[in-house]
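Next come the chains, spelled out residue by residue.
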Protein chains: 2
Amino acid sequence: MARKTGSHSEITGPRVRDAALKLIAQHGFAAVSMRRIAEEVGVQAGALYNYTRDKQALLFDLMRNHMEELLAARQEAAVSGDPVARLDAFTRFHIHWHLPRGDQVFISYMELRNLTPENFAEIERLRKVYEDELEHILQDGVDAGLFHLDDTKVTTLAIIAMLTGMSTWYRAEGRLSLDRIEGLYVGMVRRLVGI
Amino acid sequence: MARKTGSHSEITGPRVRDAALKLIAQHGFAAVSMRRIAEEVGVQAGALYNYTRDKQALLFDLMRNHMEELLAARQEAAVSGDPVARLDAFTRFHIHWHLPRGDQVFISYMELRNLTPENFAEIERLRKVYEDELEHILQDGVDAGLFHLDDTKVTTLAIIAMLTGMSTWYRAEGRLSLDRIEGLYVGMVRRLVGI
DNA sequence: CATTTAACTGAACAGCCGTTCATTTGAAAA
DNA sequence: TTTTCAAATGAACGGCTGTTCAGTTAAATG
C-alpha cells in the first residue's frame, strides 16, 4: 500500500526526523536501528531512504539543524548596548532556547563521536561561532573595566558548561519555576564575571 | 591455546575492563561489541564471560567502580576547617581527580541511559553522595555568613557542571598548565558563591 | 610422571543490522 | 477514464550481534 491519502513526502520527512530525534536521545545513535525509526513513523525501513541518504546523514542533519536554528535564533535575539545587558540577555537566551529542546541538546553533546570526521568538524565550527559570541561579550566587558575575570576563554567555557548542565536536571514540574531558575543563573553568571 | 604462561585470571580480568573502558569511551556502549573488546584483549569473545556475567554487568562495573573510587578518594582528601578552605579543597580535588580520568568521566555521564533501571538507580545514588558533600560545604558557608548565594541546590549543580565541563576541552598540551587552570577554577567557584 | 583444573577456543545459536531494489499502490494529471 | 509517477512495500543481501558450551590446552599439583 502506498500513498494512502494525499501526498506524503512533506509529512513523512519531518516525521522521520522527529522519530529519530526522540529515539536517538532516548537510546543513543548506535542503539537505534533504522527499522525501529521506521516503526515509529509507521512505515517500512526502506521508505526512510526517500528522506535520508543513510543513517549517518540522518544524525548529521539533526545536529546541523539544531546548531543552525540556535545561531539563527541567537542572531534574532541579540541585543546591543553595554556588556552587562548583553551578558544578561545571553544568559536568558541560552536558558530559554535550550530548556524546551532537551532531546536536541542531549544529542548534540552525546553523539559527536558518532559523526564522521568531516561532519564533526562542521558541527564544531558552528558550536565555535556560538561560543565566540559569549567570548566577545566577556572581552568587551573586561575592556570596559566592567568585568573582572582571570581568563576570558576559560570563563566562556565555564559559563556555557554551567548553563548547559541545567538541561540534565531541569524538570518542568520541579521545585523552581523557569523564571526563578533563569534569575538564579543570571545572578551566578554575573558573579562569575566579577560584577 | 590456553594458559600459555602463568595464571591469567588476575591479568586478563583488568585487561578486559581496561579495553572496555577505552573502547566504550571512544565509540559508545552500544557501538562496541564483545568481539571487539575481546580482540583488544587478545582473546576470543567467549573468554570474556569468565570475567563478566554479561555486557550490561561490564558497563555497570565500570561506572560503579568509577563512583566508588571517587568517593573513597574524596573521603581521604577531605579537609576540615572553615568553609572557604573546604570549598577550595573540593574544587582542587575535583579537578585533580577527574582530569586524568577522561574516559571514566565520559562514560559515567554518557552511558547512564544504557544501564538497567536498577543499575541506574545505584549510580545515581552514589553521584548524589558526592553532590551532597559540596552542598553541605555551601550550606555551612551560607550559615556562617561567608558565602552569598541565592539557592544552595542550584549553585551546587552549577558548580559541578562547570567543573566537570572542563573534561570536554582540557588537553595536557594546551595553552594553560593544570596548576593554572586549577587556580582559575578556584577563583571562579569562589566568585560564584559570593566570596 | 600422572592428574587435575583454570583458562581459553571455536563453532554454533537465533536474531538483528544498514542498505538496495524490483514491484505494487493509488492519488493526481491528462 | 486512462495514464503517470511519487511513495511505499517487502524481500533479499552479507555481515554482525550477545551468549552458550563441549572440547582443548598447558600450568600447577600430587
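Rules behind the numbers
- In this numbering scheme, every chain counts its residues from 1 along its sequence in written order.
- As they are written, the chains are lettered A onward and the ligands numbered 1 onward, keeping that order.
- Where local features are concerned, this predicted model is filtered to residues with pLDDT of at least 70; where side-chain atom pairs are given and counted, the filter is 80 or more; whole-chain, interface and lining totals use all residues.
- Think of the side-chain values as coming from all heavy atoms in the structure, minus any hydrogens and water.
- Think of a nonpolar core as a cluster: buried Ala, Val, Leu, Ile, Met, Phe, Trp, Tyr and Cys residues, connected wherever their side-chain atoms sit within 4.5 Å.
- Throughout, exposure labels follow a simple rule: accessible area from a 1.4 Å probe, protein chains only, divided by the maximum for the residue type, with under 20% read as buried, over 50% as exposed, and the rest as partly exposed.
- Think of it this way: any DSSP run of H or I at least four residues long counts as a helix, any run of E at least two long counts as a strand, and we number them from the N terminus.
- UniProt positions are given in the numbering used here, feature names are shortened, and annotations may be inferred rather than shown by experiment.
- Domain boundaries shown here were taken from an automatic or database domain assignment.
- Working rule for contacts: check all heavy atoms of both residues, and any pair within 4.5 Å makes them a contact.
- What counts as buried area is the accessible surface, traced by a 1.4 Å probe, that two parts surrender upon association, with contributions from both included.
- For this analysis, a salt bridge means a side-chain nitrogen from Lys or Arg found within 4 Å of a carboxyl oxygen belonging to Asp or Glu.
- Definition of a polar contact: a pair of N or O atoms within 3.5 Å, with one able to donate and the other able to accept a hydrogen when the atoms are protein atoms, and with sequence-neighbouring residues admitted only if both atoms are side-chain atoms.
- Helices are assigned an expected span. That span is 1.5 Å times one less than the residue count.
- All axes here are fitted lines through C-alpha atoms, helices being fitted over the stretch that makes contact, and every angle between N-to-C directions spans 0 to 180 degrees.
- Any angle between 65 and 115 degrees counts as roughly perpendicular, while under 35 counts as roughly parallel, over 145 as roughly antiparallel, and the rest as oblique.
- Two helices crossing with the near one rotated counterclockwise from the far one by less than a right angle form a left-handed crossing, whereas a clockwise rotation gives a right-handed crossing.
- Three residue categories are used. Nonpolar comprises Ala, Val, Leu, Ile, Met, Phe, Trp, Tyr, Cys and Pro, charged comprises Asp, Glu, Lys and Arg, and polar comprises the others, including Gly.
- For the least-squares superposition of copies, only C-alpha atoms count, and only for residues with pLDDT at least 70 in both.

- Naming follows an unreviewed UniProt entry, where chain A appears as TetR/AcrR family transcriptional regulator of Salibaculum griseiflavum.

1. Observations concerning the nonpolar core
- In this structure, Ile 37, Met 162 and Tyr 185 of chain A together with Ile 37, Met 162 and Tyr 185 of chain B are the most contacted members of the largest nonpolar core, which totals 115 residues.
- Here the element with the most residues in this core is helix α3 (residues 55-77) of chain B; it accounts for nine residues.

2. Thoughts on the UniProt feature "DNA-binding region" (unreviewed entry) in chain A
- In this numbering, the UniProt entry assigns the feature "DNA-binding region" (unreviewed entry) to residues 33-52 of chain A.
- A helix fraction of 40% and a strand fraction of 0% characterise residues 33-52 of chain A, whose end C-alpha atoms lie 14 Å from each other.

3. With respect to the domain arrangement of chain A
Residues and elements named next belong to chain A.
- Domains assigned within chain A are domain 1 (1-52) and domain 2 (56-192).
- Tallying the contact residues gives 11 residues for domain 1 and 11 residues for domain 2.
- Taken together, both faces of the contact between domain 1 and domain 2 bury some 1100 Å²; the carbon and sulfur share is 77%.
- On the domain 1 side of the contact with domain 2, Leu 21, Ala 25 and Phe 29 bury the most area, a combined 51% of that side's loss.
- Here domain 1 and domain 2 share zero salt bridges between them.
- Taken together, domain 1 and domain 2 are joined by two residue pairs in polar contact (both at pLDDT 80 or more).
- Ranked by residue count, the leading element in the side of domain 1 that touches domain 2 is helix α1 (residues 9-27), at seven residues.

4. Topic: helix α8 (residues 178-192) of chain B
- For α8 of chain B, spanning 15 residues, the distance from its first C-alpha to its last is 21 Å, which sits close to the expected 21 Å at 1.5 Å a residue.
- Taken together, the buried positions of α8 of chain B are Ile 181, Glu 182, Leu 184, Tyr 185, Val 186, Gly 187, Met 188, Val 189, Arg 191 and Leu 192 of chain B.
- Residues of α8 of chain B that are buried make contact with α7 (152-165) and α8 (178-192) of chain A together with α4 (83-98) and α7 (152-165) of chain B.
- Two residues or fewer past α8 of chain B, Gly 194 of chain B is found with a positive phi of approximately 80°.

5. Concerning the packing of α4 of chain B against α8 of chain B
Residues and elements named next belong to chain B.
- Contact pair α4 / α8: the axes reach a minimum separation of 9 Å and the direction vectors enclose 140°. It follows that α4 is oblique to α8 by the angle criterion. At the point where α4 passes α8, the crossing takes the right-handed sense. Contact residues: α4 offers Val 84, Leu 87, Asp 88, Thr 91, Arg 92, Ile 95 and His 96, while α8 offers Leu 178, Glu 182, Gly 183, Tyr 185, Val 186, Val 189 and Arg 190.
- Split by residue class, the contact of α4 with α8 holds seven nonpolar, three polar and four charged.

6. Points about the UniProt feature "domain: HTH tetR-type" (unreviewed entry) in chain A
- According to UniProt, the feature "domain: HTH tetR-type" (unreviewed entry) maps to residues 10-70 of chain A in the numbering used here.
- Span residues 10-70 of chain A is 69% helix and 0% strand, its end C-alpha atoms 23 Å apart.

7. Side note on the side chain of Arg 74 of chain A
All names here are of chain A.
- Relative to the assigned elements, Arg 74 resides in helix α3 (residues 55-77).
- We classify Arg 74 as buried; its relative accessible area is 4%.
- Of the polar contacts made by the side chain of Arg 74, one reaches the side chain of Glu 133; its length is 3.0 Å.
- Not counting residues up to four positions away in its chain, the partners in contact with Arg 74 are Phe 90, Phe 93, Tyr 130, Glu 133 and Ile 137.

8. Side note on the side chain of Thr 91 of chain B
Residue and element names in this part refer to chain B.
- Looking at the element boundaries, Thr 91 is found in helix α4.
- Given the relative accessible area of 1%, Thr 91 is considered buried.
- Those residues in contact with Thr 91, other than ones at most four positions away along the chain, are Leu 163, Tyr 185, Val 186 and Val 189.

9. A closer look at the environment of Ala 73 of chain B
- Inspection of the secondary structure puts Ala 73 of chain B in helix α3.
- Beyond its immediate sequence surroundings of up to four residues, Ala 73 of chain B is in contact with Phe 93 and Trp 97 of chain B.

10. Some details on the environment of Ala 121 of chain B
Residues and elements named next belong to chain B.
- Looking at the secondary structure, you find Ala 121 in helix α6 (residues 117-143).
- Owing to a relative accessible area of 45%, Ala 121 belongs among the partly exposed residues under this scheme.
- C-alpha separation for the pair Ala 121 and Phe 90, spaced 31 residues apart in sequence, amounts to 25 Å.

11. Some remarks on the relation of the copies chain B and chain A
- The transform that puts chain B on chain A rotates by 180° and translates by 0.0 Å along the axis, for an RMSD of 0.0 Å. Here the two chains are linked by the operation of a two-fold rotation axis. The C-alpha atom lying nearest the rotation axis in chain B is that of Met 162 of chain B; the distance is 2.3 Å.
- The share of interface residues of chain B whose copies in chain A are also at the interface is 100%, consistent with both copies meeting through the same surface.

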